[in-house]
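# Overview (structure and organization)
Here is what each chain is made of, one letter per residue.
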Amino acid sequence: MPAINVKALFFDVFGTLVDWRAGVAREAQLLLQPLGHAMDWTQFADAWRDQYQPAMEEVRAGAPRVH
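Presented here is an overview of the structure given in this document. (Residues numbered from 1 in each chain as written. Predicted model: local features only at pLDDT ≥ 70, side-chain atom pairs only at ≥ 80, totals over all residues. Heavy atoms only, no water.)

## Focus on the packing of helix H2 (residues 41–50) against helix H3 (residues 52–60)
Keep this limit in mind: To define axes, lines are fitted to C-alpha atoms, for helices over the stretch in contact only, and angles between the resulting N-to-C directions are given on a 0 to 180 degree scale. Put simply, DSSP marks the helices as runs of H or I at least four residues long and the strands as runs of E at least two long, and each gets a number from the N terminus on. Put simply, angles under 35 degrees are roughly parallel, angles over 145 are roughly antiparallel, angles from 65 to 115 are roughly perpendicular, and the rest are oblique. The criterion used for residue contact is that any of the two residues' heavy atoms lie within 4.5 Å.
At their nearest, the axes of H2 and H3 sit 4 Å apart, and the two run at 25° to each other. Taken together, the axis directions place H2 and H3 in an arrangement best described as roughly parallel. Two secondary-structure elements touch here, H2 through Trp48, Arg49 and Asp50 and H3 through Tyr52, Gln53 and Pro54.

## Digging into the pattern of salt bridges
Here is the rule: The salt bridge definition used is simple: a Lys or Arg side-chain nitrogen within 4 Å of an Asp or Glu carboxyl oxygen. Throughout, exposure labels follow a simple rule: accessible area from a 1.4 Å probe, protein chains only, divided by the maximum for the residue type, with under 20% read as buried, over 50% as exposed, and the rest as partly exposed.
The full count for this structure, using the stated rule, is three salt bridges. Taking the shortest distance from any N to any O, the salt bridge between Glu27 and Arg26 comes out at 3.4 Å. What makes Glu27 partly exposed here is its relative accessible area of 40%. With a closest N to O distance of 3.1 Å, Arg60 and Glu57 form a salt bridge. One end of the pair, Arg60, and the other, Glu57, are both in helix H3, three residues apart, so they sit about a helical turn from each other. When its relative accessible area of 45% is taken as the criterion, Glu57 is described as partly exposed.

## Thoughts on helix H1 (residues 20–32)
Inclusion rule: Here, expected helix span is obtained from the residue count minus one, scaled by 1.5 Å.
Between its first and last C-alpha, H1 extends 18 Å over 13 residues, near the 18 Å set by a 1.5 Å rise per residue. Every buried residue of H1 is listed here: Gly23, Val24, Ala25 and Ala28. The inward-facing, buried residues of H1 contact H2.

Following this line, the structure appears as structure tokens:
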């Protein structure tokens, strides 16, 4: 196999190339359903995503980290 010269690696965190919603819904269901949680997993993913900008705004504003 010829050598590959990697210039960059990309990871899509905004869902422009991948279906983040289905991934979050699937993983949440896999983790939470065995613990007795029942919900609309896609709606859960949307609610999770709705918290992204507010959480990032705290980071941008320099809010102290919660441990």
